[in-house]
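Each chain, written out:
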Amino acid sequence: MRKVDLLIIGGGSAGLAAAVEAYDRGIRSIIIIERGAELGGILNQCIHNGFGLGEFKEELTGPEFAYRFAKQVQDRNIECHLLSTVTSVTPNKVVTYVNEEEGSVEVEAKAIIMAAGCYERNAGAIGVPGDRPAGVLTAGQAQLMINKFGYLCGKRIFILGSGDIGLIMARRFTLEGAKVLGVAEIMPYSNGLNRNIVQCLNDYDIPLYLSHTVSQVIGKKHVEKVEISQVDEKFRPIPGTEKVFDCDALVLSIGLIPNNTLLSDIGIKVSGTKGAEVDQYLQTSLPGVFSCGNVLHVHDLVDNVVKEARIAGESAARYIQGDLHVEEYDISCAAKDGVGYILPQHISGSDYEKVDFKLRVRKPTQNVYIEFIYNGETIKRVFKGVIIPSEMEVISLPLSLFKEKKGALEVKLTPKEVNQ
Amino acid sequence: MEKNLICICCPRGCHLTVDENMSVSGNFCPRGAKYAIDELTHPTRIVTSTVKVNDGSYSVCSVKTASPVPKEKIFEVMEEINKVELKAPVSIGDIVIKNVLNLSVDIIATENIELVK
């Protein structure tokens, strides 16, 4: 069986940045397994601009950003297998992948970085009521069709869900000559970034129906009509609030789910994000297996993906070199009041001086402190005038704040008191 | 009269306020102040789209305006973009349309397309 030092599952932004980091730290035996026909992953179909402000200090489109990282990998002669799918990972870190040329190949790796991205929730996941005609598709599918193959999925399009891809696609469809009739969002607020509401919906007078969902899809062979209704506080459609739109496509932008089954299948612990549980090294519950990018938790900025991937790349390199120390600390981290999730879920060793905590709040909140409580004592408070679920917060804390090196960290939102 | 805007320069999405003296607050970086003034005087946008490619590894190639164009010109720019047909190979940065609509802005390719016979 072939043996390598580092095997990376996924050649998108996370996998590429992790590979470069591990290489630059001295690891030479690296292979990247990528399912698509080119490196760069989802960035290749995200032709809009706004990527890379953090990384390159300029605004790039997705393909441009992807190309810069793909080039870094190619310049280092890192081995990449395209059109290759990983079918299994074993607890002994034997990875099986398949492709047309090699068939089924087993590789034993000293370390694995999981960077397989996420997949889209689809119509089945939310049980859209009504007929099952053609013309119901996810925003990512519609994006792939138009941006890589030149096919527009409809002429009159309704969008369910106000995630960023849905908003971006509302603009894209409009520019390509389709009429976007509206975007329905079941929550009372949008799940997309503010800037995308402005430049994708407001710029083109596309209505956003908050607290609305699709209550009926109508169509014999193809989508003919979509009915939406306002929802009550339990997200049930309110009779009498129906609006019907004549359309030929229903595009869904209703969430992303980490593509983590290769790891969860072998018993690697899963967190509330549906990605793996990790420590600050981004090491999972199986030593030598690391996770980063959207397969760990869904990011809104690729710059954050890259930063996270570099930590995974460094940690994997250290693990391979016998220089990753996990013993000294043992602290669990939990999300409490108002915080949806916190990463990492535990703190183990002391090789890095800082811990990058990442969190999302459950709902839009104003004038609060993000409060870090360690063994009952507040060690850090960060004030936020406005904090929203669609924007991930990254808060970096020095490890020296955790004096006892054991115990529990809780992260919660505390309202700022008036006159304080 | 105060105006409230959301900055679109980056995904941070700062909430900006512009007062009657055109003074901007709420911006995290200088780009926000410039955006707010521009947005109230002559709003501009980067336009991204695709153009047809012949003999390429893909049948379309992604493109963008090299700098922002006036917002009211977006659909006219799209019409120009839709007239173009390229022949592979295409490289990132290739000029697809020089000085589109005399706006002093080029349309440039944002991905590489290989020649496929």
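Residues numbered from 1 in each chain as written. Chains lettered and ligands numbered in written order. Predicted model: local features only at pLDDT ≥ 70, side-chain atom pairs only at ≥ 80, totals over all residues. Heavy atoms only, no water.

Moving on, we get to the overall build of chain B. A tally of helices and strands in chain B yields 2 helices and 10 strands. Relative to the compact-globule value of 13 Å for 117 residues, chain B shows a C-alpha radius of gyration of 18 Å, a clear excess of over 25%. Counting only C-alpha atoms and orienting by the principal axes, one finds that chain B spans roughly 60 × 25 × 15 Å. Split into buried and exposed, the 117 residues of chain B put 43% on the buried side. Within chain B, contacts between residues at least 6 apart in sequence are counted, and of these 46% link residues at least 24 apart. Approximately 6,100 Å² of chain B is accessible, and the part contributed by carbon and sulfur atoms is 52%. With 13 positive and 15 negative side-chain charges, chain B shows a spacing of 3 Å between the two charge centroids. (Helix = DSSP H or I, 4+ residues; strand = E, 2+ residues; numbered from the N terminus. Rg over C-alpha atoms; globule rule 2.2 N^0.38 Å. Buried < 20%, exposed > 50% of the residue type's maximum accessible area, 1.4 Å probe, protein only. Contact = heavy atoms within 4.5 Å. Areas by Shrake-Rupley, 256 points an atom, 1.4 Å probe, with all protein chains shown as cover. Lys, Arg positive; Asp, Glu negative; His and termini not counted. Charge placed at Lys NZ, Arg CZ, Asp CG, Glu CD.)

Next up on the list: helix H1 (residues 13–24) of chain A. All names here are of chain A. Here H1 spans 17 Å end to end across 12 residues, near enough to the 16 Å set by a 1.5 Å rise per residue. Judged by how many residues are buried, H1 sits mostly within the fold: 11 of 12 residues are covered. The set of residues buried in H1 consists of Ser13, Ala14, Gly15, Leu16, Ala17, Ala18, Ala19, Val20, Glu21, Ala22 and Tyr23. Here the buried face of H1 lies against strand E1 (2–9), strand E2 (30–33), helix H3 (62–75), strand E8 (103–114) and helix H9 (302–320). Gly26 sits one or two positions beyond H1 and adopts a positive phi of about 105°. (Expected span 1.5 Å × (residues − 1).)

All right, on to the domain arrangement of chain A then. Residues and elements named next belong to chain A. Examined at the domain level, chain A breaks down into domain 1 (2–119 + 257–324), domain 2 (136–254) and domain 3 (327–420). Placing a centre on the C-alpha atoms of domain 1 and another on those of domain 2 gives a separation of 32 Å. The partner domain 2 presents 10 residues to the 10 residues of domain 1 that form the contact. Carbon and sulfur atoms make up 48% of the surface buried where domain 1 meets domain 2, a total of about 780 Å² over both sides. Summed over the three residues of domain 1 that lose the most area to domain 2, namely Gln45, Ile47 and His48, the buried surface amounts to 61% of that side. Scanning the region where domain 1 abuts domain 2 turns up 2 salt bridges. A salt bridge links Lys148 to Glu38, with the nearest nitrogen and oxygen atoms 3.0 Å apart. Put simply, domain 1 and domain 2 have 4 residue pairs in polar contact (both at pLDDT 80 or more) between them. Grouping the constituent residues of the side of domain 1 that touches domain 2 by class yields 2 nonpolar, 5 polar and 3 charged. (Domains from an automatic or database assignment. Buried area = accessible area lost by both parts, 1.4 Å probe. Salt bridge = Lys/Arg side-chain N within 4 Å of Asp/Glu carboxyl O. Polar contact = N/O pair within 3.5 Å; in protein donor to acceptor, adjacent residues only side chain to side chain. Nonpolar A, V, L, I, M, F, W, Y, C, P; charged D, E, K, R; others polar.)

Helix-helix packing is described using two parameters, namely the angle between the two axes and the distance between the axes. Residue and element names in this part refer to chain A. For the pair helix H5 (residues 139–149) and helix H6 (residues 164–175), the least separation of the axes is 9 Å and the interaxial angle reads 35°. Once H5 is placed against H6, the crossing between them reads as left-handed. Contact residues: H5 offers Ala139, Gly140, Ala142, Gln143, Ile146 and Asn147, while H6 offers Ile165, Gly166, Ile168, Met169, Arg172 and Phe173. Its residues placed into classes, the contact of H5 with H6 shows 7 nonpolar, 4 polar and 1 charged. (Axes fitted to C-alpha atoms, helices over the stretch in contact; angles between N-to-C directions. Left-handed = near helix turned anticlockwise from the far one by under 90°.)

Turning our eyes to something else, we now look at the nonpolar core. Grouped together as the largest cluster of nonpolar side chains are 47 residues, with contacts concentrated most on Leu6, Ile8, Ile30, Phe65, Ile113 and Cys292 of chain A. The dominant element in this core, judged by the number of residues it contributes, is H9 of chain A, at 9 residues. Per-domain counts for this core show at least three residues from each of domain 1 (2–119 + 257–324) and domain 3 (327–420) of chain A. Not counting chain neighbours up to four residues away, the residues in contact with Ile30 of chain A comprise Leu6, Ile8, Ala19, Ala22, Tyr23, Ile78 and Glu79 of chain A. Counting residues in each nonpolar core, the second largest holds 45 residues, with Ala142 and Ile157 of chain A together with Ala88 and Val96 of chain B among its members. (Core = buried A, V, L, I, M, F, W, Y, C linked by side-chain atoms within 4.5 Å.)

For the rest of this paragraph, the subject is the interface of chain B and chain A. Contacts between the two partners involve 31 residues from chain B and, on the opposite side, 30 residues from chain A. Between chain B and chain A the total buried area reaches about 2,600 Å² when both faces are included, carbon and sulfur atoms providing 56% of it. Remark: the boundary between chain B and chain A carries 4 salt bridges. Note that Lys71 of chain B and Asp203 of chain A form a salt bridge whose closest N and O atoms lie 3.2 Å from each other. Where chain B meets chain A, there are 11 residue pairs in polar contact (both at pLDDT 80 or more). Going through the elements one at a time, helix H1 (30–41), strand E5 (48–54), strand E6 (60–65) and helix H2 (74–83) of chain B are the ones with two or more residues in the side of chain B that touches chain A. Within the side of chain B that touches chain A, the residues separate by chemical class into 15 nonpolar, 10 polar and 6 charged.

With that settled, the discussion passes to the pattern of salt bridges. All names here are of chain A. One pass over the structure, following the stated rule, counts 33 salt bridges over all chains. Taking the shortest distance from any N to any O, the salt bridge between Asp246 and Lys225 comes out at 2.9 Å. Remark: Lys225 occurs in strand E15 (residues 225–230) and Asp246 occurs in strand E16 (residues 243–246); sequence separation between them is 21 residues. Several salt bridges converge on common partners, so that one network encompasses Glu21, Arg25, Glu314, Arg318, Asp323 and Asp351.

Residue and element names in this part refer to chain A. The 5 strands are arranged E22-E20-E27-E24-E25 in an open sheet whose pairing can be described as mixed. What marks the edges here is a single partner per strand, and that holds for strand E22 (346–347) and strand E25 (377–387). Alignment of strand E24 (residues 365–374) against E25, held across 9 bridges, turns out to be antiparallel. When the bridges of E25 are listed, Tyr369 appears paired with Phe383. (Pairing = 2+ DSSP bridges.)

Once that is clear, we can look at the environment of His299 of chain A. Residue and element names in this part refer to chain A. Here His299 shows up in the loop between strand E19 (289–291) and H9. Not counting residues up to four positions away in its chain, the partners in contact with His299 are Gly293, Asn294, Asn304, Val305, Glu308, Arg360 and Met392. In this structure the side chain of His299 is engaged in a polar contact, spanning 2.8 Å, whose partner is the backbone oxygen of His297.

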